[in-house]
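# Chains, contacts and geometry: an overview
What follows is each chain in one-letter form.
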Amino acid sequence: MIRSMTAFGSARLDSDAGAISAEIRSVNNRFLDLSLRIPEDLRFAESRMRELVGRQALRGKVELKLTYAAIDREALRPIDAEAMQALAEQLQWARQFIPDLPAPALSELPREGATRSGLDADVWLPLCEQACIQALEEFGAARQREGARLAQAMLTMADEIDTIVVRVDAELPALVQQHQDRIAQRLREALETASPEGFAAISGAELTARIAQEASLFGLRVDVAEELTRLRSHLQELREILSGKHASATRGGSGKRLDFLFQEMNREANTLGSKAAALSVTQAAIDLKLLIEQMREQAQNIE
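It should be emphasised that the depicted structure is a prediction, and the values quoted were computed from it without experimental measurement.

Moving on, we get to the overall build of the chain. A count of helical and extended segments in the chain gives eight helices and four strands. Along the chain direction, N to C, the helices and strands of the chain fall in the order β-β-β-α-β-α-α-α-α-α-α-α. Relative to its full complement of 303 residues, the chain shows a buried share of 33%. By sequence separation, contacts in the chain at least 24 residues apart represent 80% of the contacts at least 6 residues apart. Surface summary for the chain: the accessible area is close to 17600 Å², and the carbon and sulfur share equals 52%.

See below:
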């Protein structure tokens, strides 16, 4: 399955301990660049979060953000009367020096059995894992949807390339023959101009055969049948990759494989343009390069 490197996923989980939210977003990148934005109270979950995200994403600049809101159970405890008496005496004594010292808020009053320990890892780590897994499910679905859209766009361009290749291939025999005839005529005219009587010893048939041989050898330089064959082969591999049937899809290397494939296709298009013996072939080479470049841009977002 072709997957995009650009996606977003989020999840929120509520529990008796509180609520936790996870957000995952990513953009394209040559390698996996994972950054975590986790509160210090949840730092114990960092290693597990990296492991979970690393299973899903092989390439891309990925950011995972965790936020939480714990239920304040300390506020539900009864106020500690003895501690309150001590606090009142301290406040009265302090106001001798700072008359306008404010009284503490209700939430700041001492509670019975109050503790100041951090979050319980045994409780919050499973919550972090579950929230991350749910966000990753949405994240993965978004990557597949975007990947399918990119694949379809490239398949459409591949069909356009195929149409150009078929057209040039159909025109090729006539173009090569016309080029050979033109070269043969020029060679004959040049030889006759250089030595109108110097070739009397050579029969007309022999002279024609030699000219045809030279023209044929030169005509091989403008024969692009081999380049067209290689382009067809590249298009076949492209369709296999985009369909998810290629071996690279199971290894998560479709994007890199496509980048290499487009380099090869661009090389064939360049050769086609350099060998062009007709304006139609030159135009075909330009159209091919434009389509290949458009596919390369689309492939930059594929994992």
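Moving on, we come to the layout of surface pockets. Regions of empty space are outlined by a rolling probe, equal in size to a water molecule, passed over the atoms. Each pocket or cavity is described by its volume, and for the second largest pocket that value is around 220 Å³. Taken together, Met-5, Asn-28, Asn-29, Arg-30, Phe-31, Arg-59, Gly-255, Lys-256, Asp-259, Ala-299, Gln-300 and Ile-302 make up the full set of residues lining the second largest pocket. In terms of residues, the lining of the second largest pocket owes the most to one element, helix 7 (residues 254-274), which gives three residues. Here the residues of the lining of the second largest pocket are counted per class, giving four nonpolar, four polar and four charged.

All chains considered together, the criterion is met by 23 salt bridges. The residue Arg-55 makes a salt bridge to Glu-51 at a minimum N-O spacing of 2.7 Å. Of this pair, Arg-55 and Glu-51 both sit in helix 1 (residues 46-56), four residues apart, which is roughly one turn of that helix. In this structure Glu-51 comes out as partly exposed when scored by relative accessible area, which is 37%. For Glu-227, the salt bridge goes to Arg-230, with nearest N and O atoms at 3.6 Å. In this pair, Glu-227 and Arg-230 both sit in helix 5 (residues 225-242), three residues apart, roughly one turn of the helix. Classification of Glu-227 by relative accessible area gives buried; the value is 3%. The partly exposed category is assigned to Arg-230, whose relative accessible area is 29%. Shared partners join several salt bridges into a network, and the residues in it are Glu-40, Arg-43, Glu-46 and Arg-50.

Judged from the six bridges that link them, strand 3 (residues 32-37) and strand 4 (residues 60-70) form a sheet pairing that is parallel. Looking across to strand 4, one finds that Ser-35 is bridged to Glu-63. Crossover handedness for the path strand 3 to helix 1 to strand 4: left-handed.

Our focus in this paragraph is the sheet that holds strand 1 (residues 7-14). Judged by pairing direction, the sheet is mixed, and its four strands sit side by side in the order 1-2-4-3 without closing on themselves. In this open sheet, the two strands that pair with only one neighbour each are strand 1 and strand 3. The average undirected angle you get between the axes of adjacent strands in this sheet is 10°.

Procedures and definitions
Residues numbered from 1 in each chain as written. Predicted model: local features only at pLDDT ≥ 70, side-chain atom pairs only at ≥ 80, totals over all residues. Heavy atoms only, no water. Helix = DSSP H or I, 4+ residues; strand = E, 2+ residues; numbered from the N terminus. Buried < 20%, exposed > 50% of the residue type's maximum accessible area, 1.4 Å probe, protein only. Contact = heavy atoms within 4.5 Å. Areas by Shrake-Rupley, 256 points an atom, 1.4 Å probe, with all protein chains shown as cover. 1 Å grid on protein atoms, 1.4 Å probe; cavity = no way out; pocket = protein on both sides within 12 Å on 5 of 7 lines; lining within 4 Å. Points joined across faces, edges and corners; volume = space filled by probe spheres on them. Nonpolar A, V, L, I, M, F, W, Y, C, P; charged D, E, K, R; others polar. Salt bridge = Lys/Arg side-chain N within 4 Å of Asp/Glu carboxyl O. Pairing = 2+ DSSP bridges. Right-handed = clockwise from strand over helix to strand, strands pointing away. Axes fitted to C-alpha atoms, helices over the stretch in contact; angles between N-to-C directions.

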